[in-house]
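Okay, here's what each chain looks like letter by letter:
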Amino acid sequence: MNREQHDSSAWFGIVSDIVLALFKGAIGLLFNSLTLLSGALYSASDALAAVAEKLKLKAPSKQMLRYRTKEAIDPLIAVIFCSMFIVGGLWMIMTAATTIIGEEIEAPGYIAGIAVVLSIALKEVVFQYQYRQKKQNKQNMQNYIENHRYSLYTSIFVLLGVFGSMLGQAMDIFALLYLDALAAIVVACLLFWRAYRLLVTAIYVPELVNGAVENVMPLIETVQRVHGVILVDELIAQEQGHYIFVKVKISVNPRITVLEAQEIANRARVLLLHRFSHISEVNVEIVPYALGYPYKSNHEDSDADMPTLIQ
């Protein structure tokens, strides 16, 4: 997936989350559903978190190797968005608690149930579209699936809250009428968890950036040992849970064949995967060494007339 497709897919997800938030919020207000209101807040948090991802910062270049760590969320943006999540969650908990304590409680209108089903269907359609767009990038795909899982948990609680309360009114079971407010509290707690995850990500990454050169020097040194690698131009390490995704750009002799260049890239990739068990995937980009002649690679003399495949 190229850069333009990635950007369009990301903005499509943001716009769809905003539309879902407005839709669920309006239906929740009109048809007396606190769970739908809490779902609207969570959809809004999805949109804000996606915006934070788009506003990621990149660590500055390091030494001659031009090392970059993974992109980091701006701590200030993370704090602002987390504050909004927390305020919205607290408001929802207080509103739900007031409803539970109050003497009169009503089930949401049947339109709220239809809105829940429609919103879940729309969210799934957007997920499938973005999943197909992101599946070429394993790191982005894994992060997206993890975020979607929490959104799915939220949708399940919203569904149980709305339909449980409606069932209680239809069957004259008074206790079930509280499900809508209780589910809203659960969704508000998920919103707090969302704020915590975003804040921890923003705080942890700068700490990683400060020690970036020391942390990745073993990786760089390992790649430089591969025959045919002249220079490690760039190395990016991105976390995937407990594992690391590595993207490395290496310079090779511009006179070698494409087959030889691919062989060098494969050797570098295999060496990193075998030597470092915490690395889950390696993406190697090859560029010709272009700082002028004469130069000498570590696998052949610079005055060789014909390149040979590395044995």
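Preceding block: the structure.
Since the structure is predicted, the reported quantities are computational estimates derived from the model, not experimental observations.

Enquirer: Explain helix 8 (residues 258-275) residue by residue, including any values.
Expert: Every α-helical turn comprises 3.6 residues, leaving residues that sit three or four positions apart pointing alike. Taking 1.5 Å as the rise per residue, helix 8 with 18 residues should run 26 Å; its terminal C-alpha atoms sit 26 Å apart, in good agreement. E260, A261, I264, A265, A268 and L272 are the residues of helix 8 that are buried. Buried residues of helix 8 fall within an arc of 140 degrees about the axis and therefore sit on the same side. Turned more than 90 degrees from where helix 8 packs its buried face, L259 and H274 sit exposed.

Enquirer: Tell me about the pattern of salt bridges, residues and numbers included.
Expert: Enumeration according to the criterion identifies five salt bridges in this entry. The shortest N-O distance in the salt bridge between E263 and R267 comes to 3.3 Å. Highlighted residues: E263 and R267, both in helix 8, separated by four residues, approximately one helical turn. R269 serves as the salt-bridge partner of E281, at 3.2 Å between the closest nitrogen and oxygen. Of the two residues, E281 sits in strand 4 (residues 279-288) while R269 sits in helix 8, which places them 12 residues apart along the sequence. For E281, a relative accessible area of 16% translates into the label buried. The network of salt bridges with common partners includes D17, D46, K123 and R194.

Enquirer: I'd like a description of empty space enclosed by the protein, backed by residues and values.
Expert: The full count for this structure, using the stated rule, is three cavities of 30 Å³ or more. Its volume calculated, the largest cavity comes out at about 100 Å³. Looking at the largest cavity, it is lined by 13 residues, and the ones nearest its centre are K24, S43, K123, S151 and S155. In terms of residue class, the lining of the largest cavity is built from four nonpolar, six polar and three charged.

Enquirer: Quick one: what's the story with the side chain of S165, residue by residue and with numbers?
Expert: Tracing the backbone through its elements, the reader meets S165 in helix 5 (residues 138-170). Engagement of the side chain of S165 in a polar contact is seen with the backbone oxygen of L177, the distance being 3.3 Å. Ignoring sequence-local partners within four residues, the contact set of S165 consists of E106, A107, P108, L160, L176, L177, L179 and D180.

What counts, and at which threshold
Residues numbered from 1 in each chain as written. Predicted model: local features only at pLDDT ≥ 70, side-chain atom pairs only at ≥ 80, totals over all residues. Heavy atoms only, no water. Helix = DSSP H or I, 4+ residues; strand = E, 2+ residues; numbered from the N terminus. Expected span 1.5 Å × (residues − 1). Buried < 20%, exposed > 50% of the residue type's maximum accessible area, 1.4 Å probe, protein only. Arc of directions from axis to C-beta. Salt bridge = Lys/Arg side-chain N within 4 Å of Asp/Glu carboxyl O. 1 Å grid on protein atoms, 1.4 Å probe; cavity = no way out; pocket = protein on both sides within 12 Å on 5 of 7 lines; lining within 4 Å. Points joined across faces, edges and corners; volume = space filled by probe spheres on them. Nonpolar A, V, L, I, M, F, W, Y, C, P; charged D, E, K, R; others polar. Polar contact = N/O pair within 3.5 Å; in protein donor to acceptor, adjacent residues only side chain to side chain. Contact = heavy atoms within 4.5 Å.

Shape is all these values report; function is a separate question.
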